[in-house]
Amino acid sequence: MDFKLADETVLVKNSARQYLKEKCPSSVVREMIKDETGFSRKMWKEMAQLGWPGMLYEEQYGGSAESTGSFFDFFIICEETGRVLLPSPLFCSAVLSGLLLDTAGNADVKKALLPAIVEGQKIFTTALLNEQGRSDHHDPAVQARRNADGSYALSGTRILVPYAHVADAILLCAQTQTPEAKGPCLFLVDGKTPGRTLTPLETMSGGKSFAVTYDGARVGPEGLLGEPGRAGHYVDSVLPRVTALRCGEMLGGMQRTVEMTVNYVKERKQFGAPLGSLQAVQHHCADMATWLESSRLIAYQAASLIGDGMPAEKETAMAKAWCSDAYKKCTWIGHQLHGGIGFTEEFDMHLYYKHAKECELLFGDARFHRSRVADALNI
């Protein structure tokens, strides 16, 4: 069995790594944590020019997904963005929001909106979490009341909405109870619509997330995407792809965590000898390398199946469960081997520790996905 990446994929990987190494060192990551916007608009435009957002979408919508390999190539790019902890709306806009639009939108909606995402002209985000921090897309707490003119009035709160302060539009699920539109519906809401309140949230990773509260915010009938009552289905249909790409990001973070730790124990001397000369330290590093490479295999498998158009719900759940635990364990060991200095702001290890925790909880933690695997095995 050949586990080598295709030559074209290697070129994509090397190009992305070189660009991110130059444009996104850890100093930029720290700068963006303090920055009000939270990302570089110049880099956002450059990534669009490089064609990264378009790799998930068909050519008629401005994308370049001409073959089954495009999804896996974008997975490799996510691996590289995770390696540097890229602060960017790339994931919330080009991945989650764009895939939802591509799935639920009709031809006119896709032609109008997807090229703007692909070209970096607009930033979209998605609000799926209720006030308890859980995704309720099958039974959303947000209510949508139909007005006499056919529009809808939204009421309710969503939390941890990434980059809501710069979003041109927000996708969310809302409950409707009218004969024309009953059940959970997917809405596209203008990012600056009246009746919307943003509350900044302080997150562990330092990313820009907000609580978004709607109090009678109006959405025109054109804001209803897809068939009424099928919002849960639309979200479920994109989650395997979204989750697999998040595993790629986690994989990149693990790779960098292992590299930093191995380099440190080679250089740090204790009692006249490198820390890496101690057998216990070597065993810890071997455990980290094992978690990394096992994560790589299981995540690559899921991404490859999805890229080939094959069912991969079980494999994606397996990958998310495994990577969530492995990334967290790698950062734990990395901190132990760095000692107290690893917790200081001057070292990057704490950034990856926080990122591991964030990624663990996004789109279901390890326990949730183990349950999904058990369901797939009918046990």
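Notes on the structure in this doc start here. For clarity, every value in this text was computed on a predicted model and none was experimentally measured.

Regarding its fold elements, the protein chain presents eleven helices and ten strands. Computed over C-alpha atoms, the radius of gyration of the protein chain comes to 21 Å, within 12% of the 21 Å expected from 2.2 N^0.38 for 379 residues, which places it in the range of a compact globule. Across its three principal axes, the protein chain shows a C-alpha extent of roughly 80 × 45 × 45 Å. Counting every position in the protein chain, which comprises 379 residues, the buried fraction comes to 54%. Sequence separation of 24 or more characterises 74% of the internal contacts of the protein chain that already satisfy a separation of 6 or more. Carbon together with sulfur atoms contributes 52% to the accessible area of the protein chain, which is approximately 17700 Å² in total.

A word on the side chain of Arg-296. Following the sequence through the fold, Arg-296 ends up in helix 8 (residues 279-307). According to the relative accessible area criterion, Arg-296 is buried, its value standing at 15%. In contact with Arg-296, not counting residues within four places along its chain, are Glu-79, Leu-251 and Gln-255.

Let's shift gears to the nonpolar core. Note that soluble globular proteins tend to have their nonpolar side chains buried in a common cluster. Counting 92 residues, the largest nonpolar core has Trp-52, Phe-74, Leu-101, Leu-186 and Leu-245 as its most contacted members. Among the elements that line this core, the one with the most residues is helix 7 (residues 231-267), at 16 residues. Non-local contacts of Phe-74, meaning those with residues more than four positions away in its chain, are made with Trp-52, Pro-53, Met-55, Leu-56, Leu-90, Val-95 and Leu-245. Ala-167, Cys-185, Val-212 and Ala-217 belong to the second largest nonpolar core, which has 21 residues in total.

Basis of the calculations
Residues numbered from 1 in each chain as written. Predicted model: local features only at pLDDT ≥ 70, side-chain atom pairs only at ≥ 80, totals over all residues. Heavy atoms only, no water. Helix = DSSP H or I, 4+ residues; strand = E, 2+ residues; numbered from the N terminus. Rg over C-alpha atoms; globule rule 2.2 N^0.38 Å. Buried < 20%, exposed > 50% of the residue type's maximum accessible area, 1.4 Å probe, protein only. Contact = heavy atoms within 4.5 Å. Areas by Shrake-Rupley, 256 points an atom, 1.4 Å probe, with all protein chains shown as cover. Core = buried A, V, L, I, M, F, W, Y, C linked by side-chain atoms within 4.5 Å.

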